[in-house]
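# Close look at the chain arrangement
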Amino acid sequence: TETASVHSSIEQFFEYVNLNLSLALVLIATRQPRFSNRANELIQTVAIALQANMGDANTSVFEQLTAHRHYVQAVLALETGKNQDVLPRLELALQGYLSCGLDVSAVYDTFGHYYLSINNFDGALFNFERSLKERKQINQSAAIGKSYVNLGEWYLNVAEVGQAGQLFQNALDLALIVTGN
């Protein structure tokens, strides 16, 4: 029963942290400064909770949550123009995700968006293609569509409108298949 209690509390902690980080991502996606500030508060709350519970948590769970926190911090930094913070956080997230065997495609997407934001088109393309490759390997149909949209955005940025349009169409076709329409 003591083991079950510890397991339950670890699950609750995992859910608490993931819920806060998921909410932070939603707030960041609004691109509203007041919501970005709230997202930052949530991330800081998570950092404090992780620090306070580090000794109690299963090492693997702690690594996953810490990696995800770094990822969300990188997304926030990218959206708020704090580019100096993006790459270090993404590197930490990538290392953590890889060591825990987690899907890294969203991290590669964020690397791609970072490189796109600084007009490093080669870096952006490399990471968007890595993300697509990861998603195809684990057969994430809906997420593959996101990769097509990211690549379409890249092609728009390099003025290859025809190729961009084809990728956007691929994303739409895939969405229709996934939703059964």
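Described below are features of the structure shown in this document. (Residues numbered from 1 in each chain as written. Predicted model: local features only at pLDDT ≥ 70, side-chain atom pairs only at ≥ 80, totals over all residues. Heavy atoms only, no water.)

Using the criterion set out here, one finds 3 salt bridges in the structure. Measuring nitrogen to oxygen at the nearest pair gives 2.7 Å for the salt bridge that ties R135 to D109. Linking R135 in helix 6 (residues 121-137) with D109 in helix 5 (residues 105-117), this pair joins segments that are 26 residues apart in sequence. On the basis of relative accessibility, which here comes to 3%, the residue R135 falls in the buried class. (Salt bridge = Lys/Arg side-chain N within 4 Å of Asp/Glu carboxyl O. Helix = DSSP H or I, 4+ residues; strand = E, 2+ residues; numbered from the N terminus. Buried < 20%, exposed > 50% of the residue type's maximum accessible area, 1.4 Å probe, protein only.)

Another aspect to go through is the nonpolar core. Counting 49 residues, the largest nonpolar core has Y71 and V107 as the members making the most contacts within it. Secondary-structure elements contributing two or more residues to this core are helix 1 (2-29), helix 2 (33-53), helix 3 (59-79), helix 4 (83-100), helix 5, helix 6, helix 7 (141-157) and helix 8 (161-179). The element best represented in this core is helix 3, accounting for 11 residues. Sequence-distant contacts of V107, that is, excluding residues within four places in its chain, are made with Y71, L90, A93, L94 and Y97. (Core = buried A, V, L, I, M, F, W, Y, C linked by side-chain atoms within 4.5 Å. Contact = heavy atoms within 4.5 Å.)

Taking 1.5 Å per residue, 18 residues should reach 26 Å; helix 4 reaches 26 Å between its end C-alpha atoms and fits that length. Residues of helix 4 that are buried include every one of V86, L90, A93, L94, G96, Y97 and C100, and no others. Where helix 4 is buried, its residues touch helix 3 and helix 5. In the stretch just after helix 4, G101 is the one whose phi turns positive, near 70 degrees. (Expected span 1.5 Å × (residues − 1).)

A few words on helix 8. The end-to-end C-alpha separation of helix 8 is 27 Å, in line with the 27 Å expected for 19 residues at 1.5 Å each. Within helix 8, the full set of buried residues consists of A164, L167, A171 and L174. Projection of helix 8 onto a plane perpendicular to its axis shows the buried side chains occupying an angular sector of 90 degrees, all on one side. Residues of helix 8 that are exposed and point over 90 degrees away from its buried face: V161, G162 and I177. (Arc of directions from axis to C-beta.)

A separate point is the layout of surface pockets. For the largest pocket, the calculated volume is near 480 Å³. Those elements that place two or more of their residues in the lining of the largest pocket are helix 1, helix 3, helix 5 and helix 7. Top contributing element to the lining of the largest pocket by residue count: helix 5, with 6 residues. Residues that form the lining of the largest pocket fall into these classes: 8 nonpolar, 5 polar and 5 charged. In this structure, the second largest pocket is lined by S36, N37, N40, Q44, Q73, L76, A77, T80, K82, D85 and R89. At the level of elements, helix 2, helix 3 and helix 4 are the ones that each hand at least two residues to the lining of the second largest pocket. Among the elements that take part in the lining of the second largest pocket, helix 2 stands out by supplying 4 residues, more than any other. For the lining of the second largest pocket, the residue count by class is 2 nonpolar, 6 polar and 3 charged. (1 Å grid on protein atoms, 1.4 Å probe; cavity = no way out; pocket = protein on both sides within 12 Å on 5 of 7 lines; lining within 4 Å. Points joined across faces, edges and corners; volume = space filled by probe spheres on them. Nonpolar A, V, L, I, M, F, W, Y, C, P; charged D, E, K, R; others polar.)

Geometric values such as these leave the question of function open.
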